[in-house]
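Reading the structure
The residues making up each chain are set out below.
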Amino acid sequence: MEIKVPAVGESVIDALVAKWEKKSGDFVNKDDILCELETDKITFTLQADAAGTLKVLVPEGETVKIGTVIGTIAVSSGPVPPETHPSAAPSLAPSSPSVRKLAAETGVDLAAIAGSGKEGRIVAEDLPESGNEEIPLTVRSEEPVTYGAGGQATKKSPDLQNPEPRTSNLEPQSPNLRERRVPLSPIRKRIAERLLAVRQHTAMLTTFNEVDMSRVVELRRQYREHYQQQFGAKPGLMPFFVKACCEALREFPAVNASIDDSDIVFHDYYDIGIAIGGDKGLVVPVLRDADRLRFREIDVQIEAYTAKVKENRLVIADLEGGTFTISNGGVYGSLLSTPIINPPQSAVLGMHAIQERPVVRDNQIVIRPMMYLALSYDHRLIDGRVAVQFLKRAKELLEEPEELLLEG
């Protein structure tokens, strides 16, 4: 049985064999995960369609065309050999292809490494310099010892005229040990191309405002217990922003539009992209008809997308379309940034960290949970006045969110 790289979208022409979960000669069961493939849009896994013995034809790190045979399975109807049963195999922590390559070159057994990265992931810093036991950093003072033919140990007299240089493993043996060269993955290449294209083909500007999150914070606190009892989860922050943006987009349709050659395409629907960070880069799955979704439905869909990103289960259809994007840099601690437009869209809203700051209310200095908002937009289509008014309207809805709750 041949293992081929499947077609995952019309615009995807090749894929990187990022990781083999099994190796040649392994017996695999039906539905076992065989390998991880990476395209310029998504990362996904291939599963075995039948039980049998695997033969790997394309090694990790190679990029191949869609439809390429990367391995075969010699189909078997017999039972799984005990020594190759998944439960008998050592459980390896996740790691990137570059880390596995470095481990192979230095003779390191990854099964013996405890990963320090996210969710136990093994990173390059976890690997010792070689697969041997670590060499003590102190220099031994004993004279060298040799063994004669009879096995008797004798001390070698030091050559005082030509002393041997002493080395320490604190000094790099080669300049190459201090740097690594890893090819750009298809996703990183595509991200780089798109970011450059945005700069070159749009007149991108960014306008800023800040929003007092007091009412949103209080509403989430007030209804947390009831929400938890009803849905088994805490109320999220993102639904407030999705709903506020949908309402503001309805009032300022140019922000929800796009340019197609010499035409302006106005979208009378609201498909909101939610930027989610993954190990391979940022992806933007889309909430379809977000204006029709209830608060909990928005939370559920975002949670599902986040899980799919972590498990490499996103499909091209999850990413297609989208009329406007929301990116939350606040989850990483960002206080202020200028988000980049996700083409062919014309605008993106950047959320940031909520920070207790002194503000003036009724001539009094008070402390409020504040968030900076950033709206990047294509000035070819959206005037500065419209961009400022859109952001101001979103701010008003977030500072008085009861209207959003009545609708959603």
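Turning our eyes to something else, we now look at the sheet that holds strand 4 (residues 33-38). Within a sheet, neighbouring strands are paired by backbone hydrogen bonds and run either parallel or antiparallel to one another. A sheet is described by the order of its strands in space; here four strands give the open sequence 5-4-2-7, paired in antiparallel fashion. Edge strands, defined here as strands with exactly one partner in the open sheet, are strand 5 (43-47) and strand 7 (63-65). On average, each strand axis in the sheet is tilted by 40° relative to the strand beside it, whichever way the strands run. The pairing of strand 2 (residues 14-20) with strand 4 spans four bridges and is antiparallel. Within strand 4, the position partnered with W20 by the bridge is C35.

Look at the link from P343 to P344: it is a cis peptide, with omega at 10°. Here P344 lies in the loop between strand 18 (324-328) and strand 19 (347-351). At D31, a residue that is not glycine, the phi angle is positive and equals roughly 75°. Residue placement: D31 occurs in the loop between strand 3 (27-28) and strand 4.

What follows deals with the confidence of the model for the protein chain. Looking at the protein chain as a whole, the pLDDT averages 83, with 81% of positions reaching at least 70. At the level of individual helices and strands, the protein chain shows its lowest average pLDDT in strand 9 (residues 145-147), which scores 39, and its highest in strand 17 (residues 286-287), which scores 98. Counting contacts from residues 84-89, a segment whose pLDDT is below 50, to residues more than four positions away or on other chains yields seven contacts. Here residues 130-158 scores under 50 on pLDDT; set against residues more than four positions off or in separate chains, the count is 25 contacts.

Between its terminal C-alpha atoms helix 8 (residues 384-399) stretches 23 Å, which fits the 22 Å expected from 16 residues at 1.5 Å a residue. Taken together, the buried positions of helix 8 are occupied by V386, A387, F390, L391, R393, A394, K395, L397 and L398.

The rules behind each value
- Residues numbered from 1 in each chain as written.
- Predicted model: local features only at pLDDT ≥ 70, side-chain atom pairs only at ≥ 80, totals over all residues.
- Heavy atoms only, no water.
- Pairing = 2+ DSSP bridges.
- Helix = DSSP H or I, 4+ residues; strand = E, 2+ residues; numbered from the N terminus.
- Axes fitted to C-alpha atoms, helices over the stretch in contact; angles between N-to-C directions.
- pLDDT = per-residue confidence, 0-100.
- Contact = heavy atoms within 4.5 Å.
- Expected span 1.5 Å × (residues − 1).
- Buried < 20%, exposed > 50% of the residue type's maximum accessible area, 1.4 Å probe, protein only.

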